[in-house]
Amino acid sequence: MAYTTLLYTVISLSLSLAASALAPPPDTTLQAPTTVRAGYYFAADADLWPLSALDASLYTHLYYSSLSVHPTRHTLQLPADLAQARLLANFSRELKGRNPALRTLLSLATAGVEDAAAGAATASGDPAFAAMAADPTSRAAFADAAVRVARENGFDGIDVAWRFPASAVEMADFGFLVAEWRAAAPQGFLLTATVYFSNHVFGAPFAGVDYPSEAVAGSLDWINVMAFGLRPAGAAANVTAFDAPLYDRASHFSVSYGVVSWLDAGVPAGKVVMGLPLYGRSWFLCNKANSGVGAPVVAAGPKQRGSNATGAMSYAEVQALTTTAGGRAPVMTSYDNGSVSSYLAVGDVWVAFDGAAVVAEKLGFAARCGLLGYFLWPVNYDDANLTVTRRASEVWEQSKISSDSRNVTGVRQGKAPFELPPALGSPSPASEPVPVPRSASFSRLCRKKLDAHLHLSVLILLYINWCLPRLSSIHSNIEG
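In every chain, residue numbers begin from 1 and rise along the written sequence. Only residues with pLDDT of 70 or above have their local features reported here, since the model is predicted, and side-chain atom pairs are shown and tallied only from 80 upward, although totals for entire chains, interfaces and linings are computed over all residues. Note: side-chain values were computed over all heavy atoms of the structure, leaving out hydrogens and water.

## Description of the overall build of the chain
The condition is simple: Per the convention used, a helix needs a DSSP run of H or I reaching at least four residues, while a strand needs a run of E reaching at least two, with both numbered from the N terminus. Think of it in three bands: with a 1.4 Å probe and only protein chains considered, a residue is buried below 20% of the maximum accessible area for its type, exposed above 50%, and partly exposed in between. Note on definitions: a residue-residue contact is assigned when non-hydrogen atoms from the two residues lie within 4.5 Å.
When helices and strands are tallied, the chain shows 11 helices and 15 strands. Within the span of the chain, comprising 480 residues, buried residues form 54% of the whole. Considering only contacts within the chain whose residues lie at least 6 apart along the sequence, 76% involve residues at least 24 apart.

## Focus on the packing of aromatic side chains
Quick note on the threshold: Only rings of Phe, Tyr and Trp enter the pairing, Trp through its six-membered ring, and a pair is recorded when the two centres are within 6.5 Å. The plane angle decides the type: under 30 degrees is stacked, over 60 is edge-to-face, the rest tilted.
Inspection of the entire model under this criterion finds 32 aromatic pairs. Ring centres of phenylalanine 42 and tryptophan 377 lie 5.1 Å apart, and the angle between their planes is 90°; on these two criteria the pair is classed as edge-to-face. Here tryptophan 377 lies in strand 15 (residues 373–377) and phenylalanine 42 lies in strand 1 (residues 36–42), a separation of 335 residues in the sequence. The same class applies to phenylalanine 42 and to tryptophan 377, which are both buried.

## Remarks on the nonpolar core
Here is the rule we go by: In this description, a nonpolar core means a group of buried Ala, Val, Leu, Ile, Met, Phe, Trp, Tyr and Cys residues linked to one another through side-chain atoms lying within 4.5 Å.
Leu106, Ile158 and Met274 are the most contacted members of the largest nonpolar core, which has 120 residues in total. Residues within four places of leucine 106 in sequence aside, it is in contact with Tyr64, Leu67, Leu88, Ala146, Val149, Ala150, Phe155, Gly157, Ile158 and Asp159. Residues Phe242, Val297, Ala345 and Trp350 belong to the second largest nonpolar core, which totals 9 residues.

## Side note on helix 3 (residues 127–134)
We apply this condition: For the purposes of these results, a polar contact is taken to be a pair of N or O atoms within 3.5 Å, where, inside protein, one atom must be able to donate a hydrogen and its partner to accept one; residues adjacent in sequence count only when each atom of the pair is a side-chain atom.
Residues Ala128, Phe129, Ala130, Met132 and Ala133 constitute the buried set of helix 3. Looking at the buried positions of helix 3, the neighbouring elements they touch are strand 2 (61–69), strand 4 (103–109), helix 4 (136–152), strand 5 (157–161) and helix 5 (168–184). A distance of 3.2 Å separates the backbone nitrogen of alanine 128 from a side-chain oxygen at the start of helix 3, and that oxygen is part of aspartate 126.

## Focus on the packing of helix 3 against helix 4
Helix-helix packing: each pair is described by the crossing angle between the helix axes and the interaxial distance. As a reminder, the rule being used: Each axis is a line fitted through C-alpha atoms, taken for helices only over the stretch in contact, and angles between the N-to-C directions span 0 to 180 degrees. In what follows, roughly perpendicular refers to angles from 65 to 115 degrees, roughly parallel to angles under 35, roughly antiparallel to angles over 145, and oblique to any angle outside these ranges. Gly is placed with the polar residues, together with every amino acid not listed as nonpolar (Ala, Val, Leu, Ile, Met, Phe, Trp, Tyr, Cys and Pro) or charged (Asp, Glu, Lys and Arg).
Axis separation between helix 3 and helix 4 bottoms out at 5 Å; the angle between their running directions is 105°. Taken together, the axis directions place helix 3 and helix 4 in an arrangement best described as roughly perpendicular. Side by side, helix 3 and helix 4 meet where Ala131, Met132, Ala133 and Ala134 of the first sit next to Pro136, Ser138, Arg139 and Phe142 of the second. Counted by class, the contact of helix 3 with helix 4 contains 6 nonpolar, 1 polar and 1 charged residues.

## Brief notes about the pattern of salt bridges
A side chain with one charge can pair with a side chain of the opposite charge if their charged atoms come near. Quick reminder of the rule: Salt bridge criterion: a side-chain nitrogen from Lys or Arg within 4 Å of a carboxyl oxygen from Asp or Glu.
Tallied over the entire structure, the rule returns 11 salt bridges. The shortest N-O distance in the salt bridge between lysine 362 and aspartate 354 comes to 2.6 Å. Each member of the pair, lysine 362 as well as aspartate 354, is classed as buried.

## What about unusual backbone geometry?
Going from serine 65 to serine 66, the amide bond is cis rather than trans, its omega being 5°. On the secondary structure map, serine 66 appears in strand 2. Cis peptide bonds are those with omega within 30 degrees of zero, and the linkage from arginine 163 to phenylalanine 164 qualifies with -15°. By the secondary structure assignment, phenylalanine 164 is in the loop between strand 5 and helix 5.

## Notes on the pairing of strand 7 (residues 222–225)
Stated formally: Note on pairing: DSSP must find at least two bridges between two strands before they are called paired. Whether a crossover is right-handed depends on one test, that the path from the first strand over the helix to the second runs clockwise when the strands point away from the viewer.
In strand 7, alternate side chains face the same way, and those of Trp222 and Asn224 on one face and Ile223 and Val225 on the other are all buried. With 4 bridges joining them, strand 6 (residues 190–195) and strand 7 adopt parallel strand pairing. Paired with alanine 193 across the two strands is isoleucine 223, which belongs to strand 7. As for the winding sense of the linkage, the β-α-β connection from strand 6 through helix 6 (residues 213–219) to strand 7 is right-handed.

## Focus: helix 8 (residues 315–325)
The α-helix advances 3.6 residues per turn, and as a result positions three or four apart in sequence lie on the same side. Residues of helix 8 that are buried: Tyr315, Glu317, Val318, Leu321 and Ala325. For helix 8, the elements touching its buried residues are strand 9 (279–285), strand 11 (312–314), strand 12 (331–336), strand 13 (341–346), strand 14 (349–353) and helix 10 (387–401).

## Topic: the pairing of strand 6
Burial analysis of strand 6 places 6 of its 6 residues in the buried class, which makes it a mostly covered element. Every second residue of strand 6 is oriented toward a common face, with Leu190, Thr192 and Thr194 on one face and Leu191, Ala193 and Val195 on the other, all of them buried. Across 4 bridges, strand 5 lies against strand 6 in parallel orientation. The residue bridging aspartate 159 from the neighbouring strand is threonine 192, located in strand 6.

## A short note on the side chain of glutamate 170
Put simply, the test is: The sign given to each residue is positive for Lys and Arg and negative for Asp and Glu; His and the chain ends receive no count.
In this structure, glutamate 170 sits in helix 5. Although glutamate 170 is buried, it forms no salt bridge, and the closest oppositely charged side chain is arginine 139 at an N-O distance of 12 Å. In terms of polar contacts, glutamate 170 uses its side chain to reach the backbone amide nitrogen of alanine 166, at 2.9 Å. If sequence neighbours within four positions are ignored, glutamate 170 has contacts with Ala130, Trp162, Phe164 and Pro165.

## Brief notes about the packing of helix 4 against helix 5
Operational definition: Rotating anticlockwise by less than a right angle from the far helix to the near helix defines a left-handed crossing, while the corresponding clockwise rotation defines a right-handed one.
Between helix 4 and helix 5, the least distance of the axes is 10 Å, while the angle of their chain directions is 45°. As far as their axial angle goes, helix 5 and helix 4 are oblique. Here the hand of the crossing between helix 4 and helix 5 comes out right-handed. The segment helix 4 lies against helix 5, with Arg139, Phe142 and Ala143 engaging Asp173, Phe176, Leu177, Glu180 and Trp181. Across the contact of helix 4 with helix 5, the residue classes tally to 5 nonpolar, no polar and 3 charged.

## Observations regarding the confidence of the model for the chain
Low-pLDDT stretches of the model should not have their predicted coordinates read in fine detail. Which entries qualify depends on this criterion: Every residue is assigned a pLDDT by the predictor, reflecting its confidence on a scale from 0 to 100.
In the predicted model, the chain carries a mean pLDDT of 81, and the fraction of residues at 70 or more is 73%. Per-residue pLDDT stays below 50 along residues 3–13; that stretch engages in 14 contacts with residues further than four places along the chain or on separate chains. For residues 23–30, every residue scores under 50 in pLDDT, and the model assigns this stretch 20 contacts once sequence neighbours within four places are set aside.

## Looking at the environment of tryptophan 350
Mapping tryptophan 350 onto the fold places it in strand 14. Sequence separation between tryptophan 350 and glycine 292 is 58 residues; the distance between their C-alpha atoms is 8.9 Å. Polar side-chain contacts of tryptophan 350 include one of 2.9 Å to the backbone oxygen of serine 291.

## Here we look at the environment of valine 272
With respect to the helices and strands, the residue valine 272 is situated in strand 8 (residues 272–277). Taking relative accessible area as the criterion, valine 272 reaches 0% and is therefore assigned buried. As a C-alpha pair, valine 272 and isoleucine 223 span 49 residues in sequence and 5.3 Å in three-dimensional space. In contact with valine 272, not counting residues within four places along its chain, are Ile223, Val225, Leu263, Val267, Leu371, Leu372 and Gly373.

Written out as structure tokens, the structure is:
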């Protein structure tokens, strides 16, 4: 067993080195974005919120979500529905017509990623995406098709939304994928990735499943951290719980832990964008009189038109719940200062959600960490007044205006409204953003570096293969 563990460890290390070898050298010819106020628009939910209802002035970047990998051919799957195809063609043109400074990106996602409340803390994997990324030929063909479709439809970049690489091999393939796409992308073309809430993937089949941070920092303009759906696999399903707490002293499943883990892994703060959910997680309570956090529940909350799933509500539906209750049921809202979370109880329905106050505190945390910005998930779920969208934009703009109050580490000078957890009180100083490479000039050098790493990996594995039988024999002789 010990030999197997050693072998897996060496393989994981070898793959990690190989993936990191593809990270391109810096290119200082172009300036990276200075701020990001982004949102994901779910094409499948266009009937809830047509493009005409979006206020494009509240964003710097908007994502079309999404196109996926064909489950058997491992090619880019385009919309079969005529209305969806028309939406893809009109997305960039219509939004940029209202905000010429806006940049749009085409998100390439795991099939079913439009399930907004699907746990971002669950490493379920995606066989189709993994198969495409594992084969150099299909990887290159997919990249070419994605860039071509994006440019033909007026997009300024693409987003890799693989939810999620679940092994060391898949993480290495992720590193190859983004590095090769960066090399193939035209100059000025944006490349981002939607990633797990932390740099380390919890609940994966094997230990040591970490993102290749060097390839991430060197190849991507930024990463979008899915800082929500933070209910780990195996967590009690029969009690209420927060879905996206900023802090959690009892576990790693918090926004702050995830963000700091990416910074500690070496990804510059200027390349990290933090996610904010525009959905709520709901349950039916066992007892209306017991409606706090951790209260017993009987089932997931009612199915809603917006989320089209039990146990999830759009922000608009959360707000509607309070108004439709009228005098028929008491409405109780609560803000938890320790975790920076809020919840709502109306009769026997309990909902954890991010209200305007929670959003403001989270963005304050992001500003203190020196992050590049935030994204809303998904923009279709806001209410008619765009309450969360407007509040997020206002708070983030204020943080940029008061940037002269930042110290050299990029962390805002000022007290938090409450004591931070010991390990998270002072994030590591943010390094300067890594310039984004814009050409394929690094290809020959990185391939040589990759070959060296792979040859070394093969030699190590051959040596281990030679040693293991002899070690086993020696071990047997000693026991005998």
